[in-house]
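Topology and contacts: notes
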Amino acid sequence: MIDILSSILILAGVFFYLAGSIGLLRLPDLYSRLHALTKADNLGLGLLIAGLTLHSPELLTILKLLLIWLAVLAASATSAHLIARQARRQETGA
Amino acid sequence: MSLLVFDGLLLFSIVSLAWATLTSSDERLSVILFMAFGLVLAVAWGRLLAPDVALAEAAIGAGLTGALLLAAVRGQPRPLLPGATHAPRKQGAAGVTVVLRLAVTLLSAALAGTLAWALLHAFSSTPHDLLPRAISENLEASGVSNPVTAVLLNFRAYDTLLELAVLLTAVLGIFALDQATPGYQPAGPVFDGLVRWLVPVLILMAGYLLWVGAHAPGGAFQAGATLAAAGVVLRLAGRSRTGLPDGYMLRIVMAAGVGVFLLVGLTLLLLGRPFLGYPPAWAGSLILLIETAAMLSIAATLLLAFLGGQPESTGVKAAANRQREEISRC
């Protein structure tokens with residue numbers, strides 16, 4: 001039962017990664033690409049980690065996995081913001 | 001079977017990323033590809049069941065070296081027009097470049113050949129598990145249960161001492177480069193918010209890696225790199241001192257790794273033991289002591305390399321700030 005649930009979660013995570021990567025390659029401009037990449041990958045990683053926690057024997061491992069997800073969430077949100085702001089500044093010439 | 005496919009993909013990514021890194025015409029893109037290369041290489045080390053090397057590769061090879069290279073690219077004058085990236089070179093310079101490239105290629109090929117030969121030789125000579133067996137037989141006397149730490153800090157402590165001495169020499173060279181370049185502008189609220197919680201977490205993580213190195217993957221090098229990463233984040237967010245101490249304290253931190261290592265070795269020599277031959281009862285504590293000092297030195301060295309010179313001292317700071325204001329007014 002746990003195996004099936006964890007497989008479903010991991011596969012769903014992989015699907016979002018795939019969608020994010022296709023978005024990165026196919027979308028027309030920087031902003032929509034950033035949007036596709038960071039949003040889809042954050043969700044994908046969350047699902048992946050949810051799937052992996054079901055297999056973790058220890059609470060410490062689960063906490064470490066959650067810390068990884070939180071760190072990636074914060075880092076990717078911040079870097080998306082920084083890249084978009086820089087692009088915006090270059091566009092407006094400020 | 002599926003693992004074989006994964007390994008094949010991994011190998012293919014490593015080689016193609018390396019190729020793309022070397023052949024890219026844009027330096028910045030090249031550095032970013034290099035960082036991706038380092039991360040994939042870390043996964044490969046993980047697949048080879050060498051998590052210690054994987055951690056070091058991800059933290060130092062991909063992370064800090066990448067930051068160092070990006071800072072170096074930033075320091076170079078960039079052409080104003082995007083089309084003018086390739087300034088026409090002089091004919092003589094182009095000839096020198098070709099010869100240089102050929103020489104580097106030949107040397108790399110020779111190095112790869114020697115390594116492959118050494119590896120084959122090691123596997124064909126019998127019995128090839130002599131060293132691993134010797135380590136696991138003596139692990140109990142080493143004071144730690146992680147065999148990598150046992151080799152680095154006990155069985156082959158000489159090598160690590162000399163590595164730290166090399167790092168100290170490098171940091172002295174960096175110190176000779178005068179003042180570091182002025183830092184970055186203060187970060188906006190979003191990045192500043194990230195820094196506020198990320199830096200404490202990184203410091204905590206460095207302490208954890210140092211402590212866990214005794215019985216699981218981790219240790220002074222990984223911990224030092226994590227600590228240095230906290231400093232890099234601080235500098236990128238516009239804090240010019242990046243958490244480094246001032247004056248004499250900085251010099252003590254820089255030399256602490258080699259100093260404590262030598263002090264422990266010489267004290268043992270005075271007590272009638274071999275140089276760095278720890279008594280088994282004390283080995284664990286001595287290794288932790290040396291690793292703590294080494295972590296601080298490694299972190300300071302990596303961070304000073306990122307700064308590219310001496311950090312602004314408090315006296316000079318005011319003058320530098322004035323200068324920066326003048327530049328921004330222009």
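Residues numbered from 1 in each chain as written. Chains lettered and ligands numbered in written order. Predicted model: local features only at pLDDT ≥ 70, side-chain atom pairs only at ≥ 80, totals over all residues. Heavy atoms only, no water.

In terms of helices and strands, chain A carries three helices and zero strands. Listing every helix and strand of chain A by position from the N terminus yields α-α-α. With respect to the principal axes defined by its C-alpha atoms, chain A has extents near 55 × 25 × 10 Å. Surface exposure of chain A reaches about 6200 Å², of which carbon and sulfur atoms provide 74%. (Helix = DSSP H or I, 4+ residues; strand = E, 2+ residues; numbered from the N terminus. Areas by Shrake-Rupley, 256 points an atom, 1.4 Å probe, with all protein chains shown as cover.)

When helices and strands are counted, chain B shows twelve helices and zero strands. The linear arrangement of helices and strands in chain B, starting from the amino end, is α-α-α-α-α-α-α-α-α-α-α-α. Split into buried and exposed, the 330 residues of chain B put 34% on the buried side. Within the structure as shown, chain B displays about 19900 Å² of accessible surface, and the carbon and sulfur contribution to it stands at 72%. (Buried < 20%, exposed > 50% of the residue type's maximum accessible area, 1.4 Å probe, protein only.)

What follows deals with the environment of V43 of chain B. All names here are of chain B. Its place among the elements puts V43 in helix α2 (residues 27-47). The exposure class of V43 is partly exposed, given its relative accessible area of 39%. As for V43 and L204, which are separated by 161 residues in sequence, their C-alpha atoms are 24 Å apart. Not counting chain neighbours up to four residues away, the residues in contact with V43 comprise F6 and L10. (Contact = heavy atoms within 4.5 Å.)

The subject of this paragraph is the interface of chain B and chain A. It is common to give the size of an interface as the accessible area lost on bringing the parts into contact. Taken together, the contact pairs six residues of chain B with nine residues of chain A. Taken together, both faces of the contact between chain B and chain A bury some 620 Å²; the carbon and sulfur share is 79%. It is V190, L194 and W197 of chain B in chain B that bury the most area against chain A; as a group they hold 54% of the surface buried on that side. Across the chain B-chain A interface, the total number found is zero salt bridges. Here chain B is connected to chain A by one residue pair in polar contact (both at pLDDT 80 or more). Its residues assigned to classes, the side of chain B that touches chain A shows five nonpolar, one polar and no charged. (Buried area = accessible area lost by both parts, 1.4 Å probe. Salt bridge = Lys/Arg side-chain N within 4 Å of Asp/Glu carboxyl O. Polar contact = N/O pair within 3.5 Å; in protein donor to acceptor, adjacent residues only side chain to side chain. Nonpolar A, V, L, I, M, F, W, Y, C, P; charged D, E, K, R; others polar.)

The next thing to look at is the packing of aromatic side chains. Aromatic ring pairs are described here by two measures, namely the spacing of the ring centres and the angle between the planes. Residue and element names in this part refer to chain B. The tally for this structure, following the rule as stated, stands at three aromatic pairs over all chains. Arranged with centres 6.3 Å apart and planes meeting at 35°, the rings of F34 and F37 form a pair that is tilted. Of the two residues, F34 and F37 both sit in helix α2, three residues apart, roughly one turn of that helix. Owing to a relative accessible area of 18%, F37 belongs among the buried residues under this scheme. If you follow R74 out to its NZ or CZ, it ends over the ring of Y184, 3.8 Å from the centre. (Phe/Tyr/Trp six-rings, centres within 6.5 Å; stacked < 30°, edge-to-face > 60°. Lys NZ or Arg CZ within 6 Å of the ring centre and 35° of its normal.)

Charged atoms that come close allow side chains of opposite charge to pair. For the structure shown, the criterion picks out five salt bridges over all chains. R88 of chain A is paired through a salt bridge with E91 of chain A; the nearest N and O atoms lie 3.5 Å apart. Here the residue R88 of chain A and the residue E91 of chain A both occupy positions in helix α3 (residues 59-92), the gap between them amounting to three residues, near one helical turn. For E91 of chain A, a relative accessible area of 53% corresponds to the exposed category. A single network of salt bridges, built from pairs that share partners, joins D192, R196 and R239 of chain B.

Checked against the element boundaries, T226 of chain B lands in helix α9 (residues 220-236). In this structure, T226 of chain B is in contact with L202, M205, A206 and L209 of chain B, ignoring residues within four places of it in sequence.

The subject of this paragraph is the packing of helix α3 (residues 51-75) of chain B against α9 of chain B. Residue and element names in this part refer to chain B. Running from amino to carboxyl end, α3 crosses α9 at an angle of 25°, the nearest separation of the two axes being 9 Å. Taken together, α3 and α9 sit at an angle that is classed as roughly parallel. Considering the relative orientation of α3 and α9, their crossing is left-handed. Residues D52, L55, A56, A59, I60, L64 and A67 of α3 touch α9, and the partners they reach there are F221, Q222, A225, A228 and V232. Partitioned by chemical class, the residues of the contact of α3 with α9 number ten nonpolar, one polar and one charged. (Axes fitted to C-alpha atoms, helices over the stretch in contact; angles between N-to-C directions. Parallel < 35°, antiparallel > 145°, perpendicular 65-115°, else oblique. Left-handed = near helix turned anticlockwise from the far one by under 90°.)

Quick look at the domain arrangement of chain B now. Residue and element names in this part refer to chain B. Splitting chain B by domain gives domain 1 (8-75) and domain 2 (146-330). The C-alpha-based centres of domain 1 and domain 2 are spaced at 22 Å. The interface is formed by eleven residues belonging to domain 1 together with 16 residues belonging to domain 2. Here domain 1 and domain 2 share an interface that buries about 1100 Å² over both sides, 73% of which is from carbon and sulfur atoms. Of all residues in domain 1, D52, L64 and R74 give up the largest surface area on contact with domain 2, accounting jointly for 48% of the area buried on that side. The residue makeup of the side of domain 1 that touches domain 2, split by class, is nine nonpolar, no polar and two charged. (Domains from an automatic or database assignment.)

What follows concerns the confidence of the model for chain B. Residues and elements named next belong to chain B. Scored by pLDDT, chain B comes out at a mean of 85, with 89% of its residues at no less than 70. The secondary structure element of chain B with the lowest average pLDDT is helix α12 (residues 314-329), at 57, and the one with the highest is α2, at 94. Interface confidence for the predicted complex, given as ipTM, is 0.84, next to a pTM of 0.82. (pLDDT = per-residue confidence, 0-100.)

Residue and element names in this part refer to chain B. With 24 residues, helix α10 (residues 247-270) extends 32 Å from end C-alpha to end C-alpha; this agrees with the ideal 34 Å at 1.5 Å per step. Considering bend angle alone, the principal kink of α10 is centred on A256 and spans about 60°. Among the residues of α10, L250, V253, M254, A256, G257, V258, F261, V264, G265 and L268 are the ones counted as buried. Of the surrounding elements, those touching the buried residues of α10 are α6 (147-155), α7 (157-175) and α11 (280-307). Remark: G272 follows α10 within two positions and exhibits a positive phi of approximately 85°. (Expected span 1.5 Å × (residues − 1). Bend = angle between axes of the 7 residues up to and from the residue.)

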